[in-house]
Amino acid sequence: MKPAVLLSGLAALTATSFLVIERTDTAAKVYRADVSSATNILGSAWDVNAASPTASTPALESLANPATQGVAVVSKSLVADLSTLPNIPNKIEGIALARGDVLVIANDNDFGLVDTATFDASGRLSNDTRVKSQLIYIQLENPVK
């Protein structure tokens, strides 16, 4: 089974463009996304809590081409593939742009918790993951504008 891709961080660049982290637990990519030519689905058939797909309004994420339903998707371009960089921790969940050519990312260490947490007599976590939270500065080859 293919791991789910999560959107875990955004940083606004303009009123219509953002830096977006798309990640799994072990890999992450940063994209520049632009919503200026995407369809605003607010108030449409797709803007319903717990909407049930129908023949006339199928689930957008299931469509090979949402344009067949009159929906233009967000455009995006790759800024950085973090899996190609050394010493990048897992679970990248924060992003900022320090300046046009310096990206800052942060990982989530889940407070060191594991699914089977155990505690010592003092109430301290005894099987901490030992993963440290980090801020990592990345020099970009091409500045983000």
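In what follows, the accompanying structure is described. The structure displayed is predicted, hence computed values, not measured ones. (Residues numbered from 1 in each chain as written. Predicted model: local features only at pLDDT ≥ 70, side-chain atom pairs only at ≥ 80, totals over all residues. Heavy atoms only, no water.)

### A look at the sheet that holds strand 1 (residues 6-12)
Here is step 1 of the chain: If you walk across this open sheet you meet the 4 strands as 1-2-3-4, and the pairing is antiparallel. The sheet is open, and its two edges are formed by strand 1 and strand 4 (75-81), each paired on a single side. With strand direction ignored, the average angle separating the axes of adjacent strands in the sheet is 30°.
Here is step 2 of the chain: Judged from the 6 bridges that link them, strand 3 (residues 28-34) and strand 4 form a sheet pairing that is antiparallel. Bridged to A33 within strand 4 is K76. (Pairing = 2+ DSSP bridges. Helix = DSSP H or I, 4+ residues; strand = E, 2+ residues; numbered from the N terminus. Axes fitted to C-alpha atoms, helices over the stretch in contact; angles between N-to-C directions.)

### So, the sheet that holds strand 6 (residues 102-107)
Here is step 1 of the chain: Reading across the sheet, the 3 strands line up as 5-6-7 and stay open at both edges, with antiparallel pairing between neighbours. In this open sheet, the two strands that pair with only one neighbour each are strand 5 (92-99) and strand 7 (135-139). Between one strand axis and the next, the sheet turns through 25° on average, direction left out of account.
Here is step 2 of the chain: Note: strand 6 against strand 7, 5 bridges, orientation antiparallel. From the neighbouring strand, L103 faces strand 7, where its bridge partner is I138.

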